[in-house]
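In case you want the letters, here they are:
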Amino acid sequence: MTTDESYRSVKSAGRALDVLEALATPDGPRSPVELSRALGIPKSSLHAILRTLLDREWVAADPTGTRFSVGLRALEVGATFLAGADVAALHEVTLDRLAEFSGETVQLYRLDRGAVVLLARRDSAHVVRPVCAVGRRLPAHATAAGKALLAARSDEEVDRLLQWPLPAVTGRTVTTPEALRAELAAVRRRGWAEEWEECGPGLAAVAVAVPLREPAVDAIAVAAPVDRLGPEVRTRLAAVLREAAGQVRTARTLLAPNL
């Protein structure tokens, strides 16, 4: 396992994963030139990687064969993760009930290092509503769900998860350690988190961590345009979210007491 050949194999696998991760963004299909520049992979090596991923259906090409996106196999593996983790099934009824009660978009997120990943959602019936694809990664510090999950950890743990300075997604995003710590302390006191145009202009959200594990790794959020999520509405939704999170924890204890 210390030979040059074994090292090249690992490096090749890493490059293939780099390509998949670069394509798994909301930027749309990308050309080999764009991928080569972004990843620093020589064009000859990149073409070989793309051909292998195409053959295995991890990557799909457009009709011209010049632009590439994530393929069907990636979707199948992602669906397998959700089924194996039983996350969507566990929260299905809760998400449905919250969507019906609030009339707004309800989202289930999981913490992954310094980001949150959207695992499931229930869309609002309103024409104007948040749009976020399942699998989308968002900075934890800029989202209500992320702040709810960060608040379930100590400040020292948060420092290890995040990379300072924090990127500003919008002009309202909290970016300094002092401001974020103050906000997380407030989340711990009241038991729920909020965002107000911090991850997208005109959008707001309320979220709670779902305490299935210690510390929590999943959070449920209700998101809507700011004009439909005023202070009274946020407070009411926060109370309903906290009650729902407690019910999920009780159900998980009954169904799988060892988790």
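Whatever comes next refers back to the structure up there.
Notes on the structure in this doc start here. Note that this is a predicted model, so its numbers are computed, not measured.

### So, the side chain of Ser36
At step 1: Relative to the elements of secondary structure, Ser36 occurs in helix H2 (residues 32-39).
At step 2: At a separation of 2.7 Å, a polar atom in the side chain of Ser36 contacts the main-chain carbonyl oxygen of Ile41.
At step 3: Residue contacts for Ser36: discarding those within four places in its chain leaves Ile41, Pro42, Lys43 and Leu46.

### Quick word on the sheet that holds strand E4 (residues 115-122)
At step 1: The six strands are arranged E5-E4-E3-E8-E7-E6 in an open sheet whose pairing can be described as antiparallel. Since the sheet does not close on itself, it has two edges, and those belong to strand E5 (137-139) and strand E6 (193-196), each with one partner. Pairs of neighbouring strands in the sheet enclose a mean axial angle of 30°, with direction left out of account.
At step 2: As judged from the four bridges shared by E6 and strand E7 (residues 203-210), these two strands associate in the antiparallel manner. Bridge pairing in E7 links Glu194 to Val206.

### What about the nonpolar core?
At step 1: Core analysis: the largest hydrophobic core is formed by 27 residues, its most contacted members being Tyr109, Val116 and Leu180.
At step 2: Among the secondary structure elements, those contributing two or more residues to this core are strand E3 (105-112), E4, helix H6 (144-150), helix H8 (177-190), E7 and strand E8 (218-225).
At step 3: Top contributing element to this core by residue count: H6, with five residues.
At step 4: The residues contacting Leu180, other than those within four sequence positions of it, are His141, Val158, Leu162, Trp164, Leu166 and Val174.
At step 5: Counting residues in hydrophobic clusters, the runner-up holds 23 residues, among them Ala120, Ala244, Ala245 and Val248.

### Side note on helix H3 (residues 43-55)
At step 1: Relative to the 18 Å expected for 13 residues at 1.5 Å per residue, H3 spans 18 Å between its end C-alpha atoms, a close match to the ideal helical length.
At step 2: Looking at H3, one finds that the buried residues are Leu46, Ile49, Leu50 and Leu53. For H3, the arc enclosing every buried residue in end-on projection is 100°, short of the 170-degree limit, so these residues lie on one face. Exposed positions of H3 whose direction lies more than 90 degrees from the buried face are Ser44 and Asp55.
At step 3: Of the residues flanking the end of H3, it is Glu57, one or two places downstream, whose phi is positive at about 65°.

### Things to note about the packing of H2 against H3
Describing two packed helices takes the angle between their axes plus the distance from one axis to the other.
At step 1: Following both chains from N to C, one finds H2 and H3 inclined at 115°, their axes separated by 10 Å at the closest point. Regarding H2 and H3, the two cross each other, and that crossing is right-handed. In this structure, H2 uses Pro32, Val33, Leu35 and Ser36 to contact H3, whose residues at the interface are Lys43, Leu46, His47 and Leu50.
At step 2: Residues belonging to the contact of H2 with H3 are distributed by class as follows: five nonpolar, two polar and one charged.

### Digging into unusual backbone geometry
At step 1: A cis amide bond links Trp164 with the next residue in sequence, Pro165, at an omega value of -5°.
At step 2: Within the secondary structure, Pro165 sits in the loop between helix H7 (155-161) and H8.
At step 3: In this structure, Arg113 takes a positive phi of about 55° despite not being glycine.
At step 4: Of note, Arg113 is situated in the loop between E3 and E4.
At step 5: Its relative accessible area of 57% is what places Arg113 among the exposed residues.
At step 6: A positive phi angle is found at Glu197, which is not glycine, with a value near 55°.

### Observations concerning the state of the cysteines
At step 1: Inspection of every chain in the model, using the stated rule, returns zero disulfides.
At step 2: The cysteine Cys132 is free of any disulfide, with Cys199 supplying the nearest cysteine sulfur at 7.6 Å.
At step 3: For Cys132, a relative accessible area of 8% puts it in the buried group.

### What about the environment of Thr64?
At step 1: Turning to its location among the elements, Thr64 is positioned in the loop between strand E1 (59-61) and strand E2 (68-70).
At step 2: In terms of polar contacts, Thr64 uses its side chain to reach the side chain of Asp62, at 2.8 Å.

Cut-offs used in this document
Residues numbered from 1 in each chain as written. Predicted model: local features only at pLDDT ≥ 70, side-chain atom pairs only at ≥ 80, totals over all residues. Heavy atoms only, no water. Helix = DSSP H or I, 4+ residues; strand = E, 2+ residues; numbered from the N terminus. Polar contact = N/O pair within 3.5 Å; in protein donor to acceptor, adjacent residues only side chain to side chain. Contact = heavy atoms within 4.5 Å. Pairing = 2+ DSSP bridges. Axes fitted to C-alpha atoms, helices over the stretch in contact; angles between N-to-C directions. Core = buried A, V, L, I, M, F, W, Y, C linked by side-chain atoms within 4.5 Å. Buried < 20%, exposed > 50% of the residue type's maximum accessible area, 1.4 Å probe, protein only. Expected span 1.5 Å × (residues − 1). Arc of directions from axis to C-beta. Left-handed = near helix turned anticlockwise from the far one by under 90°. Nonpolar A, V, L, I, M, F, W, Y, C, P; charged D, E, K, R; others polar. Disulfide = S-S within 2.5 Å.

Take it as geometry only, folks, not as evidence of what the structure does.
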